[in-house]
Amino acid sequence: MEAIRKQYTLTVDDQEEIIKRFTNEMLNGLKGEKSTIKMIPSFVTKRPTGDEKGDFLALDLGGTNFRVVLYHLLGDHRNTQDEKKYRIPEEAMTGTAEQLFDFIAKCVLDVNPPDNVPLGFTFSFPCLQFNIKDGELCEWTKGFSTSGCVGKNPTELLNEALKRQGSSIRVAALVNDTVGTLMAKCYEQNNCLVGVILGTGYNCAYVEMANNIPKWKGSKEGEMLINMECGGFGVLDGYRTEEDIELDKLTPNPGAQYNEKMVSGMYLGEICRRLMLKLVKAKELFQSATIDENGHIHSYMEFGTPNLSVIEADGSVDLEDVKKVLEEAGVHNSTLEDRKTVKELANIVSGRSIALAACDITAICRHMGEKSKDCVVGIDGSLYKLYPGYHSRLVKSLVGLKQTCLVELSEDGSGKGAAIIAMSTVH
Ligand code: ADP
Ligand code: MG
């Protein structure tokens, strides 16, 4: 246990080293040189004032659920919305492009949207962007493996599916959820310079000056929002553990998204599961308990991050909720000592996620220099929203790194941002 704690806890010196490596990758990415951080210009060059008005449709695809949302921007920093959520069927995530995009198009028709409403498509996977509405999927992440999509334009795939379904709606903007999150927060308050997603995946966007992007061949005037794809940050030798390495090998995208696999909600539960089994093997955990052979504790990716939330939130003397979570995972008759250990493991795993996210946000703010002082960092995603203490521990970690930015929830940033960007294409 002691060794695990030591290995997973990042000191401020560790964090400074990671910030240095991250900054280096950022700069390489901006130059267009080899880098694990793609630094993709989003073609979004103007932030909203909050006065914008009108009705816009947004699609949010990028993880567990798929959402179709009709936004009514009211001006004065306010909006209302009508939203419908759909569970993405397994065959759409792992089948053919036609299966996935026909599913999406049918959901769009299902909400009876007004004719020709501008559509913002939040497609939260690494995409090179060619203009505000067209791009190319670089690779799938977060468990998707639908065939016939990598190297293709998601906008074209969706427009064709909409046509097949008899709809006249077409995509006006292709949006990454981090860029959307930044824009949505700006609609509320103007000094948001960083957008972060901490959900199934992990990624950041920030406001760069166009003349600071050597690889950018367009206008060097004004701003350009950058979709960093920093979940891909991979210069983490010395920090990746045995669990990270083993987990990565079993994912559909081995060798990629190292940062995401240490930070995001998709993986924290699995890391914790592996640590529990490691302690069982070392005879430090569950020695008097009985463990079902087919229990989730033995199944890859079956011990979800929401379990860690329950574990960390349990303030009871007997850790009754921890016990319940363990029972559900197939561990019976755990001792209080066992449960305390499990709670500490959860804390260690979430702590590393928070420390790494703080490194990246700090690197981004330092890179922006003076203007980042007291800027807002808008964050969306269930890990950030629902994990007990994630926000306050992140703030503390940033203070430790001498950051003065303000971390705030960007409520429904990934959807609302797409509507705002769709709006910018018609005004
Ligand atoms: P997405 O990233 O898929 O667009 P979310 O932002 O809702 O959607 O993130 C979903 C992810 O958040 C899940 O994969 C899960 O890992 C994590 N998550 C969901 N509920 C909780 C919770 N209660 N505590 C911690 N993490 C959670
Ligand atoms: Mg999302």
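What counts as what
- Residues numbered from 1 in each chain as written.
- Chains lettered and ligands numbered in written order.
- Predicted model: local features only at pLDDT ≥ 70, side-chain atom pairs only at ≥ 80, totals over all residues.
- Heavy atoms only, no water.
- Helix = DSSP H or I, 4+ residues; strand = E, 2+ residues; numbered from the N terminus.
- Rg over C-alpha atoms; globule rule 2.2 N^0.38 Å.
- Contact = heavy atoms within 4.5 Å.
- Areas by Shrake-Rupley, 256 points an atom, 1.4 Å probe, with all protein chains shown as cover.
- Near = heavy atom within 4 Å.
- Polar contact = N/O pair within 3.5 Å; in protein donor to acceptor, adjacent residues only side chain to side chain.
- Nonpolar A, V, L, I, M, F, W, Y, C, P; charged D, E, K, R; others polar.
- Axes fitted to C-alpha atoms, helices over the stretch in contact; angles between N-to-C directions.
- Parallel < 35°, antiparallel > 145°, perpendicular 65-115°, else oblique.
- Left-handed = near helix turned anticlockwise from the far one by under 90°.
- Core = buried A, V, L, I, M, F, W, Y, C linked by side-chain atoms within 4.5 Å.
- Buried < 20%, exposed > 50% of the residue type's maximum accessible area, 1.4 Å probe, protein only.
- Pairing = 2+ DSSP bridges.

(A) Looking closely at the overall build of the chain. Across its full length, the chain carries 15 helices and 15 strands. Taken over C-alpha atoms, the radius of gyration comes to 22 Å for the chain, in line with the 22 Å a tight globule of 427 residues would show. Overall, the C-alpha framework of the chain stretches about 65 × 50 × 40 Å when taken along its three principal axes. When contacts within the chain are restricted to residue pairs at least 6 apart in sequence, those whose partners lie at least 24 apart make up 70%. Of the accessible surface of the chain, which amounts to about 17200 Å², a share of 51% is contributed by carbon and sulfur atoms.

(B) View of the site of ligand 1. The local shell around ligand 1 holds 14 residues, among which T64, T200, G265, S309 and S382 are the closest. Here an oxygen atom of ligand 1 sits 2.6 Å away from a polar atom, N or O, in the side chain of T200. A distance of 2.8 Å separates an oxygen atom of ligand 1 from a polar atom in the backbone of G265. Considering ligand 1 on its own, with 570 Å² of exposed area, one finds that the protein chains cover 75% of that surface. Taken together, the elements giving at least two residues each to the shell around ligand 1 come down to α9 (265–281), α10 (305–313) and α13 (382–386). For the shell around ligand 1, a count of residues per class yields 5 nonpolar, 9 polar and no charged.

(C) Summary view of the packing of helix α2 (residues 12–31) against helix α12 (residues 336–368). At their nearest, the axes of α2 and α12 sit 9 Å apart, and the two run at 55 degrees to each other. On the basis of the axis angle, α2 is oblique to α12. The two elements α2 and α12 cross, and the hand of that crossing is right-handed. Between α2 and α12, the contacting residues are Q15, E16, I18, I19, F22, T23, M26, L27 and L30 on the first element and A355, L356, A358, C359, D360, T362, A363, I364, R366 and H367 on the second.

(D) Spotlight on the nonpolar core. The biggest cluster of nonpolar side chains holds 103 residues, and the ones touching the most others in it are Y206 and M228. Here this core gets 16 residues from one element, more than from any other, and that element is α12. For M228, the contacting residues outside a window of four places in its chain are F22, M26, I37, K38, M39, N203, C204, A205, Y206 and I364. Ranked by size, the runner-up nonpolar core spans 35 residues in total, among them A97, C127, F144 and L158.

(E) Seen up close, the side chain of D248. Tracing the backbone through its elements, the reader meets D248 in helix α7 (residues 242–250). By relative accessible area, D248 is classed as buried at 6%. A distance of 2.7 Å separates a polar atom in the side chain of D248 from a polar atom in the side chain of K261. Leaving out residues up to four positions away in the same chain, D248 has contacts with R240, N253, P254, G255, A256, Y258 and K261.

(F) Spatial organisation of the sheet that holds strand β2 (residues 53–61). Within the open sheet, the 5 strands sit side by side as β4-β3-β2-β5-β8. Their pairing is mixed. Unpaired on one side and paired on the other, β4 (78–87) and β8 (171–175) mark the two borders of the sheet. Sheet twist, expressed as the average angle between the axes of neighbouring strands with direction ignored, equals 20 degrees. For strand β3 (residues 65–75) and β4, the ladder comprises 10 bridges, and the chain directions are antiparallel. Within the sheet, the bridge partner assigned to N65 lies in β4 and is R87. Packed on one face of the sheet, helix α6 (residues 177–188) meets β3, β4, β5 (119–123) and β8 and runs near 25 degrees to β3.

(G) The sheet that holds strand β15 (residues 406–409), seen in detail. Read from one edge to the other, the open sheet built from 6 strands follows the order β1-β11-β10-β9-β14-β15, with strand pairing classed as mixed. Edge strands, defined here as strands with exactly one partner in the open sheet, are β1 (40–41) and β15. By the bridge criterion, 5 bridges tie strand β9 (residues 192–198) to strand β14 (residues 376–380) in an arrangement that is parallel. Looking at the pairing, V194 lines up with V377 of β14. Sheet strands in contact with α12 are β9, β10 (202–209) and β14, and its direction is about 5 degrees off that of β10.

(H) Summary view of unusual backbone geometry. Of note, the phi angle at H77 is positive, near 65 degrees, even though the residue is not glycine. In this structure, H77 sits in the loop between β3 and β4. Note on H77: relative accessible area 31%, which makes it partly exposed. Even without a glycine there, the phi angle at M301 is positive, about 65 degrees.

(I) Expanded view of the environment of E16. When you line up the elements, E16 lands in helix α2. Residue classification places E16 among the partly exposed positions, given a relative accessible area of 31%. E16 sits 346 residues away from T362 along the chain, and the two C-alpha atoms are 9.5 Å apart. Not counting residues within four places of it along the chain, the set of residues in contact with E16 comprises R366 and L401.

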